[in-house]
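Chain residues, written in single-letter form:
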Amino acid sequence: MIQSKQMDEKLIIIGTGPAGYTAAIYAARADLHPLVFTGGQIGGQLTTTTEVENFPGFPEGIMGPELMFNMSQQAEKHGARFAYEEVISITQEACSGLFTVTTSGGAYKAEAVIIATGAKARYLGLDGESELIGHGLTACATCDGAFYRDVPVCVVGGGDSACEEANFLTRFASKVYLIHRRDQLRASKAMQQRTLANEKVEPLWNSTIAAYHTDDKGELCSITLRSTVDGTERELEVKCVFMAIGHTPVSNFAGDLVDRDAAGFVITAPNGTATKTPGLFAAGDVADPTYRQAISAAGMGCRAAMDAERYLLTRE
Ligand code: NAP
């Protein structure tokens, strides 16, 4: 049974990716004593990657899990508290403006809440997929593209992300197959033209991946490609599959307290982090359909903490 906690919190932060941890560091240093709900995947998407080479401050690169651990340590050092619980819902009392955050462990009251729950990259749902992530399967070309130099790779998807990633990967890979389930890209015309004009990109139309194959070290070495027209299959050598079939932002628990765009991203004030509900802020991939980088999420987390601090001053 869910227990009601007695003490009211000033600020609750939901999520422990770069946005949540950065918000926690700033809020803790502002003496807001934030309570951070970690959710099931502590540290977020970066804990599923290997080396991070584009986060400023680490000239030699840093492993994704280590970067996230360092952020959690920094937040804790400044006074953030962590609860290893999953948020189920948020509601707001009309008169007091207080939020009730219901989690797997209880119900908590807070004056302000920052949603930093990120977005989950979509995968195809094939057998063995979760074990392959970081071993030849990824959803981030910016993070992992440089590891695949002079080898063939593929991108799955037909949208702007797939085209952008395919173009980016041509800097490293010997060949980039663009695997799309239809015979027409969804991406903007300019992006389509740039991608299809790139000699290193070979579109494989009406195709999908039916299976992944690994070498004796457990690294991806090839895929089975299946025609979406007649079901015929063939094997294709690729050293990495870059999944670009969209992201699913995680904000269902906030119900109608936030507005979302057509893709499900939380809508925030222009250049800010306020949602449509006073006292409720959003930062990072859950509210960012465009950049989706660790550093941009961290920057937005900083802004959310500062916005929350200003909001709390108005309640004093
Ligand atoms: P998207 O536009 O939703 O495209 C997803 C692609 O994945 C589609 O081509 C879709 O195929 C395919 N797909 C979805 N589920 C699939 C499945 N189960 N199996 C195989 N293929 C599947 O997503 P996005 O490319 O990430 O873009 C999201 C938003 O961000 C868009 O509004 C986009 O314009 C924007 N964006 C803009 C830029 C830019 O301007 N530089 C860069 C990146 C993203 P179908 O086409 O058949 O549906």
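If you're wondering where the values come from, they're calculated on a predicted model, not measured in any experiment.

Undergrad: In this structure, what is going on with the packing of helix α5 (residues 160–169) against helix α6 (residues 189–197)? I would like to understand it.
TA: To describe two helices that pack against each other, one gives the angle between their axes and the distance between the axes. Between α5 and α6, whose axes approach to 9 Å, the crossing angle comes to 35°. Taken as a pair, α5 and α6 cross one another with a handedness that is left-handed. Residues Asp 160, Cys 163, Glu 164, Ala 166 and Asn 167 of α5 form the contact with α6, whose own contacting residues are Met 191, Arg 194 and Thr 195. Each residue belonging to the contact of α5 with α6 can be placed in one class, and the counts come to three nonpolar, two polar and three charged.

Undergrad: How should I be thinking about the packing of aromatic side chains in this particular structure?
TA: Aromatic ring pairs are reported here in terms of the distance separating the ring centres and the angle at which the planes meet. By the definition in use, this model includes six aromatic pairs. Judged by centre distance (6.0 Å) and plane angle (70°), the rings of Tyr 21 and Phe 82 are edge-to-face. Of the two residues, Tyr 21 sits in helix α1 (residues 18–29) while Phe 82 sits in strand β5 (residues 81–83), which places them 61 residues apart along the sequence. Measuring from centroid to centroid gives 5.4 Å for Phe 168 and Phe 172, while their planes differ by 70°, and the two rings are edge-to-face.

Undergrad: How do you make sense of the site of the ligand when you look at a structure like this?
TA: As a structural note, the neighbourhood of the ligand is formed by 17 residues, with Asp 160, Ser 161, Glu 164, Arg 182 and Arg 186 the closest of them. Contacts to the ligand include Gly 158, whose backbone N or O atom sits 2.9 Å from an oxygen atom. Here a nitrogen atom of the ligand and a side-chain polar atom of Glu 164 are 2.8 Å apart. Relative to its free-state accessible area of 910 Å², the ligand is covered by the protein chains to the extent of 68%. Ranked by residues supplied to the shell around the ligand, first place goes to α5 with three residues. Residue composition of the shell around the ligand, grouped by class: five nonpolar, six polar and six charged.

Undergrad: Can you walk me through the environment of Cys 154 in this structure?
TA: Structurally, Cys 154 is set in strand β11 (residues 152–156). Note on Cys 154: relative accessible area 0%, which makes it buried. Linking Cys 154 and Glu 165, residues 11 residues apart in sequence, is a C-alpha distance of 9.7 Å. Once residues within four sequence positions are removed from consideration, Cys 154 is found in contact with Tyr 177, Ile 179, Ile 209, Ile 223, Val 238, Cys 240, Val 241 and Phe 242.

Undergrad: Where do I start with helix α2 (residues 64–77) in this structure?
TA: Three or four residues apart is the spacing at which side chains of an α-helix point the same way, because the helix has 3.6 residues per turn. Taking 1.5 Å of rise per residue, the 14 residues of α2 would be expected to cover 20 Å, and the 20 Å separating its terminal C-alpha atoms lies within 8% of that figure. All buried positions along α2 are accounted for by Gly 64, Leu 67, Met 68, Met 71, Ser 72 and Ala 75. The arc that holds the buried residues of α2, viewed along the axis, is 135°, so those residues lie on one side. Considering only its buried residues, α2 is in contact with α1, β3 (51–52), β4 (62–63) and β5.

Undergrad: In this structure, what is going on with the sheet that holds strand β16 (residues 233–237)? I would like to understand it.
TA: Through backbone hydrogen bonds, the strands of a sheet pair up, either in parallel or in antiparallel fashion. Strand order in the open sheet formed by three strands is β14-β15-β16, with antiparallel pairing between adjacent strands. Only two strands of the sheet have a single neighbouring strand rather than two, namely β14 (207–214) and β16. With strand direction ignored, the average angle separating the axes of adjacent strands in the sheet is 30°. Direction of pairing for strand β15 (residues 220–227) relative to β16: antiparallel, over a ladder of five bridges. By the bridge assignment, Arg 226 is partnered in β16 with Glu 233.

Undergrad: What am I meant to see in the state of the cysteines here?
TA: If you walk through the whole model with that rule in mind, you get one disulfide. At a sulfur-sulfur separation of 2.1 Å, the disulfide partner of Cys 140 is Cys 143. Measuring the twist about the S-S bond at about 75°, one finds the Cys 140-Cys 143 disulfide to be right-handed. Looking at Cys 163, it has no disulfide partner, and the nearest cysteine sulfur is the one in Cys 154, 14 Å off. For Cys 221, which is in no disulfide, the shortest distance to another cysteine sulfur is to Cys 154 and amounts to 12 Å.

Undergrad: Hey, could you run me through the pairing of strand β6 (residues 87–92) in this one?
TA: For a regular strand, side-chain orientation follows a simple rule: the groups alternate between the two sheet faces. Bridging between β6 and strand β7 (residues 99–103) involves five bridges; their strand directions are antiparallel. Residue pairing for β7: Ser 89 is matched across the bridge by Thr 102.

The rules we used
- Residues numbered from 1 in each chain as written.
- Predicted model: local features only at pLDDT ≥ 70, side-chain atom pairs only at ≥ 80, totals over all residues.
- Heavy atoms only, no water.
- Axes fitted to C-alpha atoms, helices over the stretch in contact; angles between N-to-C directions.
- Helix = DSSP H or I, 4+ residues; strand = E, 2+ residues; numbered from the N terminus.
- Left-handed = near helix turned anticlockwise from the far one by under 90°.
- Contact = heavy atoms within 4.5 Å.
- Nonpolar A, V, L, I, M, F, W, Y, C, P; charged D, E, K, R; others polar.
- Phe/Tyr/Trp six-rings, centres within 6.5 Å; stacked < 30°, edge-to-face > 60°.
- Near = heavy atom within 4 Å.
- Polar contact = N/O pair within 3.5 Å; in protein donor to acceptor, adjacent residues only side chain to side chain.
- Areas by Shrake-Rupley, 256 points an atom, 1.4 Å probe, with all protein chains shown as cover.
- Buried < 20%, exposed > 50% of the residue type's maximum accessible area, 1.4 Å probe, protein only.
- Expected span 1.5 Å × (residues − 1).
- Arc of directions from axis to C-beta.
- Pairing = 2+ DSSP bridges.
- Disulfide = S-S within 2.5 Å.

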